[in-house]
Amino acid sequence: MSFDPRYPQPQASDPRARSTRNRAIAIGVSAAVVAGLVAFGSYLLLENSEANEKSDNASSAQDGKHPDGHGDSHDDAKGGAIEGLKSWDSAKLGRQHVAGTVDYPMKPPVGGDHNASWMNCDGDVYEKPLPDVNAVHSLEHGAVWITYNDTAADAEVSKLAQRVKATPFTLMSPYAAQEGAIMLSAWGKQVTVDSADDKRVDQFLAQYVQGAQTPEPGAPCTGGLATVPR
């Protein structure tokens, strides 16, 4: 077979050029795949972040709190609602210093006008009844007052005394006129419990020792009366 010299003949392809082209195609495909994986991973990360944020916000709403951590869920933040808790409007509880006695509407009192001297309440356990007007001043400083009457078992009283001694901003004393055997009082708050091991003891102390109800936060529980006035 002869070839006409007037016409150019097809040339065999260069293997090196073909190899270079194949590598370029492979690199381009790989880059596209990697880019796709990165984009997909970013999408999943964004979706997961948004889902977590929605979950956190939902949990905050369920707890009664705002997402930024502020709100009126003091009870939920420290052990949940206390069964049988009684509350009084703090705005209606007087805070004047008086020289005489005060006729409080509840026993033990949870607030109101009081004596200028407070009972020491830095884990103090008193064996004798306290004057209401001095103990109420301790509540104003953020203390929790644990009281008991003659129906409380000695073992329960002993357990409570040990707990009080280990807990700053608490005080304890007998209170014959109260209805429940064991009662815990804070400013505007009160609960009757069944025993020293009642979970409400822990709840009440956690929520109301220097809690949000305290009219004078930062006021001391020392430097007051260390013994019962005569």
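Quantities reported herein were computed from a predicted structural model and do not represent experimental measurements.

A. Just the overall build of the protein, in detail. A count of helices and strands for the protein gives 5 helices and 6 strands. Its helices and strands taken in sequence order, the protein reads α-α-β-β-α-β-α-β-β-β-α from the N to the C terminus. Within the protein, buried positions represent 35% of all 230 residues. Intrachain contacts of the protein at a sequence separation of at least 6 include 71% that bridge at least 24 residues. About 14000 Å² of surface is accessible on the protein, with carbon and sulfur atoms providing 54% of the total.

B. Geometry of the pattern of salt bridges. According to the stated counting rule, one finds 6 salt bridges in the structure shown. Between Lys159 and Asp197 there is a salt bridge, with the nearest N and O atoms lying 3.0 Å from each other. With a gap of 38 residues between them, Lys159 in helix 4 (residues 154-165) and Asp197 in the loop between strand 6 (189-193) and helix 5 (199-208) connect regions that are remote in the sequence. The class for Asp197 is exposed, based on a relative accessible area of 57%. Residue Arg200 pairs with Asp194 through a salt bridge whose shortest N-O separation is 3.5 Å.

C. Quick look at the nonpolar core. If you look at the biggest cluster of nonpolar residues, it comprises 38 residues, and the most contacted ones within it are Val144, Ile146, Leu171, Met172, Leu184 and Phe204. Of all the secondary structure elements, the ones that give two or more residues to this core are helix 3 (132-140), strand 3 (144-148), helix 4, strand 4 (170-174), strand 5 (182-186), strand 6 and helix 5. Among residues more than four places away in sequence, those in contact with Phe204 are Ile82, Leu85, Val144, Leu184, Ser185, Ala186, Lys189, Gln190, Val191 and Val209.

D. Structural view of the state of the cysteines. Per the stated rule, a full pass over the model turns up 1 disulfide. Residue Cys121 pairs covalently with Cys221 via a disulfide, S to S 1.7 Å. Because the torsion about its S-S bond is -95 degrees, the bridge between Cys121 and Cys221 counts as left-handed. Pair noted here: Cys121 is in the loop between strand 1 (86-87) and strand 2 (122-125) and Cys221 is in the segment after helix 5, with a separation of 100 residues, a long-range link.

E. Inspection of the sheet that holds strand 5 at higher detail. Ordered in space as 1-6-5-3-4-2, the 6 strands form an open sheet in which the pairing is mixed. The open sheet terminates on both sides in strands that have one partner only, identified here as strand 1 and strand 2. As paired strands, strand 3 and strand 5 are joined by 4 bridges and run antiparallel to one another. Paired with Tyr148 across the bridge in strand 5 is Ile182.

F. Inspection of helix 5 at higher detail. The buried fraction of helix 5 is high, at 7 of 10 residues. For helix 5, every residue scored as buried is listed here: Arg200, Val201, Gln203, Phe204, Leu205, Gln207 and Tyr208. Once helix 5 ends, the next one or two residues include Gln210, with phi positive near 50 degrees.

G. Quick peek at helix 4. Along its 12 residues, helix 4 runs 17 Å from first to last C-alpha, staying within 8% of the 16 Å computed at 1.5 Å per residue. Among all positions in helix 4, only Glu156, Val157, Leu160, Ala161 and Val164 are buried. End-on view of helix 4: buried residues confined to an arc of 140 degrees, all on one side of the axis. Structurally, helix 4 contributes buried residues whose contacts are with strand 2, strand 3, strand 4, strand 5 and helix 5.

H. Fine view of the packing of aromatic side chains. Applying the stated rule across the entire model yields 2 aromatic pairs. Both rings, one in Trp145 and one in Tyr175, keep their centres 5.7 Å apart while their planes meet at 80 degrees; by these two values the pair is edge-to-face. Of this pair, Trp145 sits in strand 3 while Tyr175 sits in the loop between strand 4 and strand 5, placing them 30 residues apart in sequence.

I. Up close: the confidence of the model for the protein. Per-residue confidence for the protein gives a mean pLDDT of 80; residues scoring 70 or more make up 66%. Ignoring residues within four places in sequence, the model shows residues 51-77, a span with pLDDT below 50, making 19 contacts including any to other chains.

J. View of the side chain of Thr167. Take Thr167: it is sitting in the loop between helix 4 and strand 4. Take Thr167: its relative accessible area is 16%, and that puts it in the buried class. One polar contact links the side chain of Thr167 to the main-chain carbonyl oxygen of Arg163, over a distance of 2.7 Å. Setting aside residues up to four positions removed in sequence, Thr167 forms contacts with Asp122 and Gly123.

About the cut-offs
- Residues numbered from 1 in each chain as written.
- Predicted model: local features only at pLDDT ≥ 70, side-chain atom pairs only at ≥ 80, totals over all residues.
- Heavy atoms only, no water.
- Helix = DSSP H or I, 4+ residues; strand = E, 2+ residues; numbered from the N terminus.
- Buried < 20%, exposed > 50% of the residue type's maximum accessible area, 1.4 Å probe, protein only.
- Contact = heavy atoms within 4.5 Å.
- Areas by Shrake-Rupley, 256 points an atom, 1.4 Å probe, with all protein chains shown as cover.
- Salt bridge = Lys/Arg side-chain N within 4 Å of Asp/Glu carboxyl O.
- Core = buried A, V, L, I, M, F, W, Y, C linked by side-chain atoms within 4.5 Å.
- Disulfide = S-S within 2.5 Å.
- Pairing = 2+ DSSP bridges.
- Expected span 1.5 Å × (residues − 1).
- Arc of directions from axis to C-beta.
- Phe/Tyr/Trp six-rings, centres within 6.5 Å; stacked < 30°, edge-to-face > 60°.
- pLDDT = per-residue confidence, 0-100.
- Polar contact = N/O pair within 3.5 Å; in protein donor to acceptor, adjacent residues only side chain to side chain.

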